[in-house]
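Take a look at the letters that make up each chain.
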Amino acid sequence: MRSMKHIATLLLLFTLSAAYGQGHLFSRVKLNRSSVYVGQPVEVTVSVYSSTWFTSGVDPGNIKVEGAFTVYFRSVSQTEKINGKTYAGVDMIFNVFPFEDKDIEFPAVTFHVETPDEGDYKGKPKTVRTKPRKIKVKPIPPGYDKAAWVVTTGLWVNERWSGNLQNVKIGDVLERRIDRTVSNTVSELIPPVVWDSVENIALYPMRPEVMNQKTKTDISASRTDGMRYLFLEEGEVTIPGQVFTWYNPYRKRLYKKTLKARTINVLPNPDLGMLKTVRDSLAMMSTPPQSGEE
């Protein structure tokens, strides 16, 4: 069985080599999975091997996948023995994150390398090309909110307030920031916070802050959304809570994290003349306001 496997592998190797006219070179593309949900990463390993060695670096260039974000992780030097012959090569590892409900294709990659022929020592320019690979993108399951869809194995949420929540008067401003850190994704796939309007409060969104964190083996992303609340009338008001969900594709389960609503007693303010000044200042600092005024 093992011998037959080696023969089959060698036949494939010769087929690829003949196609590109390089008898001692071969290339391949491996996927850790061929079917994913929108936002779920596919690990793609692009490899180039030679039965001699490479006399210059192997560069895949700028690879773009239509309908997906592509993140390059690292290159790993490898050796592989096929039918008694040792091949030296480079594995280049990418993560591909589809962002559309459409199948995608990891494109063919052309490598221009320098490698000696067998029995020689001087590097010669060679060209080797991989084959494209199809990746099936599964739609978001029915019943799930597409606007809030996040695929990950873990999501962490933190809420921060600026201002004295126990002593709020008409014309005061409270700032609320919500931080989310998501594993195995990129910041472009973290949806924005949807803020509910509140009667007698003017809402002024803050510019979001996003960041990707990448190591040689992992990637995660963070997003911070902020809102400024300007209180317009005295009395008791309730700022709605927030519910964040994420889907774990390996457990096939939806998880959620809830931030509780907050009730605030707004006190009167004898100096209502400053309200217009505050509103003008907030308008200059913010994106267009969301208003809950009557």
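Note that the structure is a prediction, hence the values are computed from the model and not measured. Throughout, a residue's number is its position along its own chain's written sequence, starting from 1. Owing to the predicted nature of the model, reporting of local features is limited to residues with pLDDT of at least 70; listing and counting of side-chain atom pairs is limited to 80 or more, with chain, interface and lining totals taken over all residues. The basis for every side-chain value is the complete set of heavy atoms in the structure, and neither hydrogens nor water enter the calculation.

J.: What is the right way to look at the overall build of the chain in this model?
T.: Numbering goes from the N terminus for both helices and strands, where a helix is a DSSP run of H or I of at least four residues and a strand is a run of E of at least two. Within the chain one finds 2 helices and 19 strands. Note on exposure labels: buried denotes an accessible area under 20% of the residue type's maximum, exposed denotes more than 50%, and partly exposed covers the range between, all computed with a 1.4 Å probe on protein chains only. A burial count over the chain gives 44% of its 294 residues as buried. Counted over contacts in the chain with a minimum sequence separation of 6, partners at least 24 positions apart contribute 71%. Contacts were defined at the residue level, with two residues in contact if any of their heavy atoms lie within 4.5 Å.

J.: Mind showing me how you'd approach unusual backbone geometry here?
T.: Most of the time, phi is negative for any residue but glycine, and the peptide bond is trans. Of note in the backbone geometry, asparagine 200 takes a positive phi value of approximately 70° without being a glycine. Looking at where asparagine 200 falls in the secondary structure, it is placed in the loop between β12 (173–183) and β13 (201–214). Given a relative accessible area of 24%, asparagine 200 falls into the partly exposed group. For lysine 252, which is not a glycine, the phi torsion comes out positive at approximately 50°. When you line up the elements, lysine 252 lands in the loop between β16 (242–248) and β17 (253–259).

J.: In this structure, what is going on with the environment of leucine 259? I would like to understand it.
T.: As for its position among the elements, leucine 259 is in strand β17. A residue is classified by how much of its surface remains accessible, and leucine 259, at 8% relative accessible area, is buried. Taking the C-alpha atoms as reference points, leucine 259 and glutamine 242, 17 residues apart in sequence, are found 5.0 Å from one another. Leucine 259 has contacts with Val157, Glu159, Ile178, Gly241, Gln242 and Phe244, leaving out every residue within four places of it along the chain.

J.: Hey, could you run me through the sheet that holds strand β11 (residues 168–169) in this one?
T.: Sheets are built from strands that pair by backbone hydrogen bonding, the pairs being arranged parallel or antiparallel. With mixed pairing, the 3 strands of this open sheet are ordered in space as β11-β18-β15. What marks the edges here is a single partner per strand, and that holds for β11 and β15 (235–239). Sheet topology note: the β15/strand β18 (residues 262–267) ladder contains 5 bridges and is antiparallel. Its bridge partner being in β18, valine 237 is matched across the sheet by isoleucine 264. Any two strands with at least two DSSP-identified bridges between them are counted as paired.

J.: Explain the sheet that holds strand β6 (residues 104–106) here, please?
T.: Read across the open sheet, the 3 strands follow the order β2-β9-β6; overall the sheet is mixed. Strands with a single pairing partner mark the edges of an open sheet, and in this sheet they are β2 (35–37) and β6. Going from strand to strand, the sheet's axes swing by 35° on average, the running direction of each strand aside. When β2 meets strand β9 (residues 133–138), the two strands line up parallel, connected through 3 bridges. Counterpart to serine 35 in the pairing with β9 is lysine 136. Axis geometry follows a simple rule: fit a line to the C-alpha atoms, using only the stretch in contact for helices, then measure angles between N-to-C directions, giving values from 0 to 180 degrees.

J.: Which parts of the structure should I look at to understand the side chain of serine 222?
T.: One can find serine 222 in strand β14 (residues 219–231). Reaching out from serine 222, the side chain makes a polar contact with the side chain of glutamine 213 at a distance of 3.3 Å. Once you skip the residues sitting within four places of it in the chain, serine 222 turns out to touch Arg180, Thr181, Ser187, Ile190, Glu209, Val210, Met211 and Gln213. Whenever two N or O atoms come within 3.5 Å, that pair is a polar contact, provided that in protein one can donate a hydrogen and the other can accept it, and provided that, for residues adjacent in sequence, both atoms are side-chain atoms.

J.: Before we go on, may I ask you to explain the nonpolar core in this structure?
T.: Nonpolar side chains tend to gather and get buried jointly when the protein is soluble and globular. Val44, Val58, Phe106 and Phe111 are the most contacted members of the largest nonpolar core, which has 31 residues in total. Contributing elements (two or more residues each) for this core: β1 (25–31), β2, β3 (42–50), β5 (85–98), β6, β7 (110–115) and β9. By size, the runner-up hydrophobic cluster in this structure holds 28 residues, among which are Ile178, Ala221, Trp246 and Leu259. Remark: nonpolar core denotes a set of buried residues (Ala, Val, Leu, Ile, Met, Phe, Trp, Tyr, Cys) joined through side-chain atoms within 4.5 Å.

J.: Would you explain a negative patch on the surface in this entry?
T.: Nonpolar side chains (Val, Leu, Ile, Met, Phe, Trp, Tyr) within 5 Å and like charges within 9 Å form the patches, drawn only from residues with over 30% relative accessible area and no salt bridge. Only the protein chains shown count as cover for residues, and all accessible areas are computed by the Shrake-Rupley method using a 1.4 Å probe. Every case where a carboxyl oxygen of Asp or Glu lies within 4 Å of a side-chain nitrogen of Lys or Arg is listed as a salt bridge. Counting rule for charge: Lys and Arg are taken as positive, Asp and Glu as negative, and neither His nor the chain ends is counted. Each charge is placed at NZ for Lys, CZ for Arg, CG for Asp and CD for Glu. Taken together, the side chains of Glu66, Glu100, Asp101 and Asp103 present a region of like negative charge at the surface. Within the secondary structure, glutamate 66 sits in the loop between β3 and β4 (68–82).

J.: How do you make sense of the pattern of salt bridges when you look at a structure like this?
T.: Think of it this way: side chains of opposite charge can pair up when their charged atoms draw near. Summed over all chains, the structure comprises 12 salt bridges. Note that arginine 180 and aspartate 225 form a salt bridge whose closest N and O atoms lie 3.0 Å from each other. Linking arginine 180 in strand β12 with aspartate 225 in strand β14, this pair joins segments that are 45 residues apart in sequence. Per residue, the accessibility class of arginine 180 equals that of aspartate 225, and both read buried. Residues joined in a network through salt bridges with shared partners are Asp117, Lys124 and Lys126.

J.: I keep staring at the packing of aromatic side chains and nothing clicks. Help me out?
T.: Working definition: an aromatic ring pair is given by the centre-to-centre distance plus the angle between the planes. Each Phe, Tyr or Trp ring (for Trp, its six-membered ring) is paired with any other whose centre lies within 6.5 Å, and the angle between the two planes then decides the class: stacked below 30 degrees, edge-to-face above 60, tilted in between. For the structure on display, the rule yields 12 aromatic pairs. With 5.4 Å between their ring centres and 75° between their planes, tyrosine 37 and tyrosine 247 make a pair best called edge-to-face. On the criterion of sequence distance, the pair formed by tyrosine 37 in strand β2 and tyrosine 247 in strand β16 is long-range, its members being 210 residues apart. Look at tyrosine 247 and you get buried, because its relative accessible area is 5%. Put simply, the rings of Tyr37, Tyr144, Trp149 and Tyr247 touch in pairs and so form one group of aromatic residues.

Taken by themselves, the reported measurements are silent on function.
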